[in-house]
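# Breakdown of the fold
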Amino acid sequence: MATTAMSHQSIVSFISLRFKINSSLIHTSKKRNFCKIEAMTSQTETSVSYNNNNNTLLSPSKNIPETSLKKTNEAALILIRHGESLWNEKNLFTGCVDVPLTEKGVEEAIEAGKRISNIPVDVIFTSSLIRAQMTAMLAMIQHRRKKVPIILHDENEQAKTWSQVFSEETKNQSIPVIPAWQLNERMYGELQGLNKQETAERYGKQQVHEWRRSYDIPPPKGESLEMCAERAVAYFEDNIEPMLAAGKNVMIAAHGNSLRSIIMYLDKLTSQEVISLELSTGIPLLYIFKDGKFMKRGSPVGPTEPGVYAYTKGLAQYRQKLEAESEVICS
Ligand SMILES: O=C(O)[C@H](O)COP(=O)(O)O
């Protein structure tokens, strides 16, 4: 076991990164959550960012001083809409109701995991809903790097303290999973639990289509896509983009509409263009973040096909490392 771990270390190249953030640096333009950050990330591609003092992971903020970030070339961003849920199967408006995956949804998540099994992942963000969390976990089980995704609990001090990890080696073989309610599905208001087909028959197809796909028309007592974007995109900008800028490879497992709002931001779609954007369950999408820009790479194909991996040198090199690593393990 020890020999294998040593071999891994000699094969995979790691980059050290340290950054400190002063809690007094706070955006004044928008009321967003900021936290005092002192994160230590010892390894890319495999790294876990833990606070030195209490072993808990801390998220960076957009306020990381430019100079304190190590400049890295590019980072991968994977977006996955959760696999089919029990209410997708029943064609019910789900929104923020917390229902699990169906068996088909479990299979979709596993399939998604196979597709991204050669793409580096340093940190995972999920919504606070179980269907997204199940998807993230099931997908990561397929990853060739075989790191263990660990959900970070920061609901209170005790939860943080009681979930500490005391081995550096174990931490380095883990991937932090950060749940954030801001990535939750759009709140569907009084439509939650109603059948989509029956609702269309009752209120008219056009009305229901507007509730589901327009940018700024909210369903009764629910959130429009615009309202959903206000929290989801703000969270992305404040918590996820700084990670990418620091060279961290990120996976987000979330929902049809929270991801539509993030994709609208990434692809600079207009409120008209976003209307026709549909996301299938369990299909991962890949972006490369480079020089402050997002480049869309589509959906990664299976692990044995060249496809997406030819797109960037960095991804191709990562894949080669994984292959070299598995050869060492097999020999
Ligand atoms: O919340 C829901 O019902 C679905 O996850 C997304 O629904 P939509 O495709 O009707 O927006």
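Residues numbered from 1 in each chain as written. Predicted model: local features only at pLDDT ≥ 70, side-chain atom pairs only at ≥ 80, totals over all residues. Heavy atoms only, no water.

Going by what an unreviewed UniProt entry lists, the chain is known as phosphoglycerate mutase (2,3-diphosphoglycerate-dependent) and is assigned to Cardamine amara subsp. amara. UniProt annotates the chain under Sequence similarities (unreviewed entry) with the comment "Belongs to the phosphoglycerate mutase family. BPG-dependent PGAM subfamily." (UniProt positions renumbered as here; feature names shortened; annotations may be inferred.)

A few words on the UniProt feature "active site" (unreviewed entry) in the chain. Here the UniProt feature "active site" (unreviewed entry) sits at His82 and Glu185. These residues run over 104 residues, yet every pair of their C-alpha atoms falls within 10.4 Å of each other. Residues contacting His82, with those up to four places away along its chain left out, are Asn88, Leu101, Arg131, Ala132, Thr135, Ala254, His255, Thr281 and Gly282. A polar side-chain atom of His82 sits 3.4 Å from a polar atom in the side chain of Arg131. Within the fold, Glu185 resides in the loop between strand 7 (174-179) and helix 7 (196-203). (Contact = heavy atoms within 4.5 Å. Polar contact = N/O pair within 3.5 Å; in protein donor to acceptor, adjacent residues only side chain to side chain. Helix = DSSP H or I, 4+ residues; strand = E, 2+ residues; numbered from the N terminus.)

Taken together, the neighbourhood of the ligand is formed by Arg81, Asn88, Leu92, Phe93, Thr94, Gly95, Glu185, Tyr188, Lys196, Arg212, Arg213 and Asn257. One of the side-chain N or O atoms of Glu185 is found 3.1 Å from an oxygen atom in the ligand. The separation between an oxygen atom of the ligand and a polar side-chain atom of Arg213 is 2.7 Å. Across the complex, the protein chains shield 96% of the 320 Å² of accessible surface that the ligand would expose by itself. In terms of residue class, the shell around the ligand is made up of three nonpolar, four polar and five charged. (Near = heavy atom within 4 Å. Areas by Shrake-Rupley, 256 points an atom, 1.4 Å probe, with all protein chains shown as cover. Nonpolar A, V, L, I, M, F, W, Y, C, P; charged D, E, K, R; others polar.)

Let us now look at the sheet that holds strand 4 (residues 74-81). Spatial strand order, 6-7-5-8-4-9-10: seven strands in an open sheet with mixed pairing. Where the open sheet ends on each side, the last strands, each with one partner, are strand 6 (148-151) and strand 10 (293-298). Going from strand to strand, the sheet's axes swing by 25° on average, the running direction of each strand aside. The pairing of strand 9 (residues 284-290) with strand 10 spans five bridges and is antiparallel. Counterpart to Phe289 in the pairing with strand 10 is Phe294. (Pairing = 2+ DSSP bridges. Axes fitted to C-alpha atoms, helices over the stretch in contact; angles between N-to-C directions.)

In the contact formed by helix 9 (residues 225-245) and helix 10 (residues 256-266), the axes pass within 8 Å of each other and the chain directions differ by 65°. One finds that helix 9 runs roughly perpendicular with respect to helix 10. Taken as a pair, helix 9 and helix 10 cross one another with a handedness that is right-handed. Residues Leu225, Cys228, Ala229, Ala232, Val233, Phe236, Glu237 and Glu241 of helix 9 form the contact with helix 10, whose own contacting residues are Asn257, Ser258, Arg260, Ser261, Ile262, Tyr265 and Leu266. (Parallel < 35°, antiparallel > 145°, perpendicular 65-115°, else oblique. Left-handed = near helix turned anticlockwise from the far one by under 90°.)

Using the criterion set out here, one finds 11 salt bridges in the structure. Linking Glu223 and Arg231 is a salt bridge whose minimum nitrogen-to-oxygen distance equals 2.6 Å. Looking at Glu223, the relative accessible area reads 13%, which means it is buried. Residue class for Arg231 comes out buried when judged on its relative accessible area of 11%. The salt bridge involving Arg319 is made with Glu323; its shortest N-O contact spans 3.5 Å. With a gap of four residues between them, Arg319 and Glu323 both fall in helix 11 (residues 313-330), about one helical turn apart. Taking relative accessible area as the criterion, Arg319 reaches 14% and is therefore assigned buried. Using a relative accessible area of 31% as the deciding quantity, one classes Glu323 as partly exposed. Three or more residues are tied together by salt bridges with common partners; here these are Arg144, Arg319 and Glu323. (Salt bridge = Lys/Arg side-chain N within 4 Å of Asp/Glu carboxyl O. Buried < 20%, exposed > 50% of the residue type's maximum accessible area, 1.4 Å probe, protein only.)

Before going further, it helps to spend a moment on helix 3 (residues 103-115). Here helix 3 contains 13 residues, and its C-alpha end-to-end distance of 19 Å stays within 8% of the 18 Å for a straight helix at 1.5 Å per residue. Within helix 3 the residues assigned to the buried category are Gly105, Glu108, Ala109, Ala112 and Gly113. Burial along helix 3 is one-sided: seen end-on, the buried residues are contained in an arc of 140°. In helix 3, those exposed residues whose orientation departs by more than 90 degrees from the buried face are Glu103 and Glu107. As for helix 3, its buried residues are in contact with strand 4, helix 4 (130-141) and strand 9. (Expected span 1.5 Å × (residues − 1). Arc of directions from axis to C-beta.)

In terms of nonpolar packing, the biggest core is built from 33 residues, with Leu77, Phe125, Phe236, Leu244, Val250 and Ile252 touching the most fellow members. Contributing elements (two or more residues each) for this core: strand 4, strand 5 (123-126), helix 9, strand 8 (250-254), helix 10 and strand 9. At nine residues, helix 9 tops the list of elements feeding residues into this core. Not counting residues within four places of it along the chain, the set of residues in contact with Phe236 comprises Leu77, Glu241, Pro242, Leu244, Ile252, Ile262, Tyr265, Leu266 and Phe294. (Core = buried A, V, L, I, M, F, W, Y, C linked by side-chain atoms within 4.5 Å.)

The next subject is helix 9. Most pronounced at Glu237, the bend in helix 9 amounts to some 40°. When you tally the buried positions in helix 9, you get 17 out of 21 residues, the bulk of the element. Positive backbone phi, at 85°, marks Gly247, one or two positions downstream of helix 9. (Bend = angle between axes of the 7 residues up to and from the residue.)

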